[in-house]
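These are the residues of each chain, in order.
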Amino acid sequence: MPVTAQTPVYPGDPEVRVDPVTDIDSAGYRCHRVSLGTHAGTHVDAPSHMVADGAHLDRYPVERFVGRGRYIDARGGFALDTVQQAGIAAGDIVVFHTGMADRYYEPSYFTDYPPLPLDIAEYLVECRVSMVGVDMCSVDYEPFAVHQTLLRGDVLILENLTGLERVAGRDFRVYALPLRLAADGAPVRVVAELS
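About the criteria used
Residues numbered from 1 in each chain as written. Predicted model: local features only at pLDDT ≥ 70, side-chain atom pairs only at ≥ 80, totals over all residues. Heavy atoms only, no water. Helix = DSSP H or I, 4+ residues; strand = E, 2+ residues; numbered from the N terminus. Patch = residues over 30% accessible without salt bridge, like charges linked within 9 Å, V, L, I, M, F, W, Y side chains within 5 Å. Areas by Shrake-Rupley, 256 points an atom, 1.4 Å probe, with all protein chains shown as cover. Salt bridge = Lys/Arg side-chain N within 4 Å of Asp/Glu carboxyl O. Pairing = 2+ DSSP bridges. Axes fitted to C-alpha atoms, helices over the stretch in contact; angles between N-to-C directions. Contact = heavy atoms within 4.5 Å. Phe/Tyr/Trp six-rings, centres within 6.5 Å; stacked < 30°, edge-to-face > 60°. Buried < 20%, exposed > 50% of the residue type's maximum accessible area, 1.4 Å probe, protein only. Core = buried A, V, L, I, M, F, W, Y, C linked by side-chain atoms within 4.5 Å.

(A) View of unusual backbone geometry. Note that the residue after Glu142, namely Pro143, is joined by a cis bond; omega there is 10°. By secondary structure assignment, the location of Pro143 is in the loop between β6 (131-134) and α4 (145-152). Positive phi values are uncommon outside glycine, yet Asp154 reaches one of about 60°. With respect to the helices and strands, the residue Asp154 is situated in the loop between α4 and β7 (156-159).

Here it is, written out as C-alpha cells:
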C-alpha cells in the first residue's frame, strides 16, 4: 500500500505525516520529514509487538524476510484443511487472499474483517513457516490470541498486503524487507518474484 498523508491507519495508531523540510527553490535540494507508526501501510510485525520479551525486527537476519511464497485463497473463508493441503514447508511465507484489500480506504476495512482462525495459526507455527501475510489490517481482534500464537512461535506477520490475485496459482518467491529498526514492526515493501 502507498504511504502518504492519506494512508488510513488502524484505529488509535499515529497518523502518517509527510512534511517538506526544504525545497529546491530555497535550499537547492528537497528533503521531507516522515512521521508514522511502525504498523502503517503494508508492514511486518515482530514478536515484540505483542510479546513482552519478544525480539525486535533488528534481531533478524535479512534472509528471514525472503522465502518461497504459498498462496491460499481465503475469499470464501478460512479452512484448516485447505491450508493443510497447500504443501507448506518450514521457511515458507504463507499469504492469505481474503479480498479485503479492495476495501482499504473504507472504514469497514478496520472493523469488519475475517479473523484468521487460531487452529490455522497453530498449524502454521507447527510447520515452522517464516511469515504469515494477510490482505487485511490484522490477523485477529482483541485479545489478539492469533497474534500471540504466531509471534510466540517466531512467525512474523505481514499485514495490509495488496495485489495477491497476481500470485494465485503461481510459483513465487516473496521479498519483504523492512528497515532494520530496533522496534516492534516497520512498514515494508513486499514484492513477489514469479517463477
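Now that the structure is up, let's keep going.
(B) Up close: a nonpolar patch on the surface. Together, Val3, Val18, Val34 and Leu36 make up an exposed nonpolar region whose accessible area comes to about 270 Å². Inspection of the secondary structure assignment puts Val3 in the segment before β1 (17-22).

(C) View of the sheet that holds strand β8 (residues 172-178). The strand order β3-β7-β6-β5-β4-β8-β9 describes a closed barrel built from 7 strands, whose pairing is mixed. Going from strand to strand, the sheet's axes swing by 35° on average, the running direction of each strand aside. In this fold α4 packs onto β3 (43-45), β6 and β7, with an angle of close to 130° to the strand it touches most, β7.

(D) Structural detail: the packing of aromatic side chains. One pass over the full model with this rule turns up 6 aromatic pairs. Each ring, one from Tyr60 and one from Phe65, has its centre 6.4 Å from the other, and the planes form 70°; the classification is edge-to-face. Accessibility assignment for this pair places Tyr60 and Phe65 in one class, buried. A ring pair is formed by Tyr104 and Tyr105, whose centres lie 4.9 Å apart and whose planes are at 80°; its orientation type is edge-to-face. Cluster of aromatic residues (ring-pair linked, three or more members): Tyr104, Tyr105, Tyr109 and Phe110.

(E) Representation of the nonpolar core in the model. Core analysis: the biggest nonpolar cluster contains 35 residues, and Ile88, Phe96, Leu116 and Leu124 have the highest contact counts within it. Where this core is concerned, the elements lending two or more residues are β5 (93-97), α3 (118-126), β6 and α4. Of the residues forming this core, the biggest block, 4 residues, is contributed by α3. Once residues within four sequence positions are removed from consideration, Leu116 is found in contact with Phe78, Phe96, Ala121, Val132, Val139, Val146 and Leu150. Residues Tyr60, Tyr71, Phe172 and Val174 belong to the second largest nonpolar core, which totals 19 residues.

Geometric descriptors of this kind do not, in isolation, establish any biological role.
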